[in-house]
Amino acid sequence: VSADDLLLVRRCLRGDPAAMERLVATYQADVFGLSVRLLHHRQDAEDVVQEVFLRVFRSLRRWDSRRPLRPWIMGITVNRCRTWITQRARRPELVDYLHETAARDVADNSGELTREIHAAVQDLRMEYRSVFVLYHERGLPYEEIAQALRKPVGTVKTWLHRARLEVLDRLRKRGMISEVGHELP
Amino acid sequence: MNCLESQAILQRRLDGAAFVPDAELEQHLAACAVCRDRHAAARPLLEALRVQPPPVLPPWLPWRIAAAALGDRQRRRLRLRRSLTVTVGLAAAIVVMLFAGYLNRPTSEDGKVDHGPFVQNPQSDVKKQDALQPQSEKPHEAQPPSLIALSERLADKTLDEAKVLWTAANPVEGMPMGELPAVPDLDPASQPLRQAKQEVNEGLQAVGRSAQRAFAYFSHELPMIELPQGR
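Here we summarise the structure given alongside this text.

Definitions and cut-offs
- Think of each chain on its own: its residues are numbered from 1, step by step along the sequence as written.
- Written order determines the labels here, with chains lettered from A and ligands numbered from 1.
- The model is predicted, so local features are restricted to residues of pLDDT at least 70 and side-chain atom pairs to those at 80 or more, both for listing and for counting; the totals for chains, interfaces and linings are taken over all residues.
- With hydrogens and water set aside, each side-chain value is computed from the structure's full complement of heavy atoms.
- Numbering goes from the N terminus for both helices and strands, where a helix is a DSSP run of H or I of at least four residues and a strand is a run of E of at least two.
- Only protein chains enter the area calculation, which uses a 1.4 Å probe; residues under 20% of their type maximum are buried, those over 50% are exposed, and those in between are partly exposed.
- In this description, contact between two residues means that some pair of their heavy atoms is separated by no more than 4.5 Å.
- Fitted lines through C-alpha atoms give the axes, limited to the stretch in contact for helices. The angle between two N-to-C directions lies from 0 to 180 degrees.
- The scheme is simple: roughly parallel for angles under 35 degrees, roughly antiparallel for over 145, roughly perpendicular for 65 to 115, oblique for anything else.
- In this scheme the handedness of a crossing depends on how the near helix is turned from the far one: anticlockwise by less than a right angle means left-handed, clockwise means right-handed.
- Under the scheme applied, nonpolar residues are Ala, Val, Leu, Ile, Met, Phe, Trp, Tyr, Cys and Pro; charged residues are Asp, Glu, Lys and Arg; polar residues are all the others, including Gly.
- Summed over both partners, the accessible area lost on bringing two parts together, with a 1.4 Å probe, is the buried area.
- Salt bridge, as used here: a side-chain nitrogen of Lys or Arg that lies within 4 Å of a carboxyl oxygen of Asp or Glu.
- Between N or O atoms, a polar contact is any pair within 3.5 Å; within protein, one atom must be a potential hydrogen donor and the other a potential acceptor, and residues adjacent in sequence are included only when both atoms are from side chains.
- Here, the term nonpolar core denotes a set of buried Ala, Val, Leu, Ile, Met, Phe, Trp, Tyr and Cys residues that are joined through side-chain atoms within 4.5 Å.

## Considering the overall build of chain A
Here is step 1 of the chain: Within chain A one finds nine helices and zero strands.
Here is step 2 of the chain: Secondary structure elements of chain A occur, N-terminal to C-terminal, as α-α-α-α-α-α-α-α-α.
Here is step 3 of the chain: With 185 residues in all, chain A has 51% of them scored as buried.
Here is step 4 of the chain: Pairs at least 24 residues apart make up 69% of the contacts formed inside chain A by residues separated by at least 6 positions.

Structure (structure tokens):
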């Protein structure tokens, strides 16, 4: 754990507003990026980010200072997203409408392949999706993902392996792979 | 090379290993369409993930989060302070009640303070010494009659059953059932029970008197609550 993180946490525990803003600024991109990819919904992701940081500040005393802060926060984010998805499933009518409107926002002006990848990731089961996004989009190493999800590193590797195969197979079935792409360098 | 080995190489490449040409792999890919397509999709997948723009944070979101966190902290502190105040108030009320009960503790007829059953005093020591004395010295008339009757009934019943069992186990010629050697009196066995009941009664009476006086004191001192008309 870096000394900066420790100092930042101590200041947050004392109720220093500047430290709280700094902690939010440091990790908000990770939390928001993960939430958007897991929920596939911008407005929901914004709400979840706020909830995540509230929970972080409430339970900051329980953080094990021997472990890095980022996996801990990402673990809270994954849990909150999972809960949010469960709650969202109970109110399908409203969410379907919002989901449609938000899907256009998420599918910004990136290419068709990116959209297909997002759709493929969205169809993964929650564990695979979390691991895939944490590794490939947030750049967390295996060990930190294992800490965030509280799973063994071997399990994380297996999930990532399966998630990749599912994504690749989907891209293949959707015709996103050109014949030229078969050539290896 | 088989599909599993091909997948292992694919995973290593997706982990960031270099796409190094491999003759065995090429041979397998030429024969296996599934592996070939997967390997073909790996590089575009990595490239697309690398270049995709990160989700853009709304500019107001950090401010909203910080404000919500500070507000939540203040609310929690306020709640904590309120619960602390209530707890301290309750504790103070209990202390005041106990103190009032102590000031208004019941006195005996001769003007001496009755300390109740929980305070060590010479009288209770005398009682304890009495209790330690042989039980047969105490007259039966001093005990509650219902308890004595219950104990005696139980003792008689047990004695009858013991006689039946004794006769069945040791049949003696010429001795009719029921005529057995003298059985000791079971009354002393019920003496500690009687003594305990008496002491509990005395203690409860003292506590009851204290509570009654405390209640009378507070009901006298507190203002009357006027109920609205129609109830």
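## Here we look at the packing of helix α4 (residues 69–88) of chain A against helix α7 (residues 126–137) of chain A
All names here are of chain A.
Here is step 1 of the chain: Where α4 contacts α7, the axes come no closer than 12 Å and their chain directions differ by 140 degrees. One finds that α4 runs oblique with respect to α7. At the point where α4 passes α7, the crossing takes the right-handed sense. Along the contact surface, α4 presents Met-74, Val-78, Cys-81, Arg-82 and Ile-85, while α7 presents Met-126, Arg-129, Ser-130 and Leu-134.
Here is step 2 of the chain: Class assignment for the residues of the contact of α4 with α7 results in six nonpolar, one polar and two charged.

## Remarks on unusual backbone geometry
Residue and element names in this part refer to chain A.
Here is step 1 of the chain: Even without a glycine there, the phi angle at His-40 is positive, about 60 degrees.
Here is step 2 of the chain: Mapping His-40 onto the fold places it in the loop between α2 (17–39) and α3 (42–58).
Here is step 3 of the chain: If you check the backbone angles, Arg-150 has positive phi at about 55 degrees while not being a glycine.
Here is step 4 of the chain: Note that Arg-150 resides in the loop between α8 (142–149) and α9 (153–173).

## Quick word on the interface of chain B and chain A
Here is step 1 of the chain: Contact with chain B, which involves 42 residues of that partner, is made by 49 residues of chain A.
Here is step 2 of the chain: The contact between chain B and chain A buries some 4000 Å² in all, and 64% of this surface belongs to carbon and sulfur atoms.
Here is step 3 of the chain: Our count for the contact surface shared by chain B and chain A stands at five salt bridges.
Here is step 4 of the chain: Two residues, Arg-172 of chain A and Asp-37 of chain B, come together in a salt bridge whose shortest N-O distance is 3.7 Å.
Here is step 5 of the chain: Linking chain B with chain A are 17 residue pairs in polar contact (both at pLDDT 80 or more), by the criterion used here.
Here is step 6 of the chain: Every element with two or more residues in the side of chain B that touches chain A is listed here: α1 (3–14), α2 (23–31), α3 (33–51) and α4 (61–103) of chain B.
Here is step 7 of the chain: When residues in the side of chain B that touches chain A are grouped by element, the largest group, 13 residues, is from α3 of chain B.

## Here's the deal with the nonpolar core
The tendency in soluble globular proteins is for nonpolar side chains to be buried side by side.
Here is step 1 of the chain: If you look at the biggest cluster of nonpolar residues, it comprises 69 residues, and the most contacted ones within it are Leu-23, Phe-53, Phe-57, Ile-73 and Phe-132 of chain A together with Leu-45 of chain B.
Here is step 2 of the chain: It is α2 of chain A that contributes the most residues to this core, eleven residues altogether.
Here is step 3 of the chain: Core analysis: the next-biggest nonpolar cluster, separate from the first, contains five residues, Ile-9, Leu-29, Cys-32 and Cys-35 of chain B among them.

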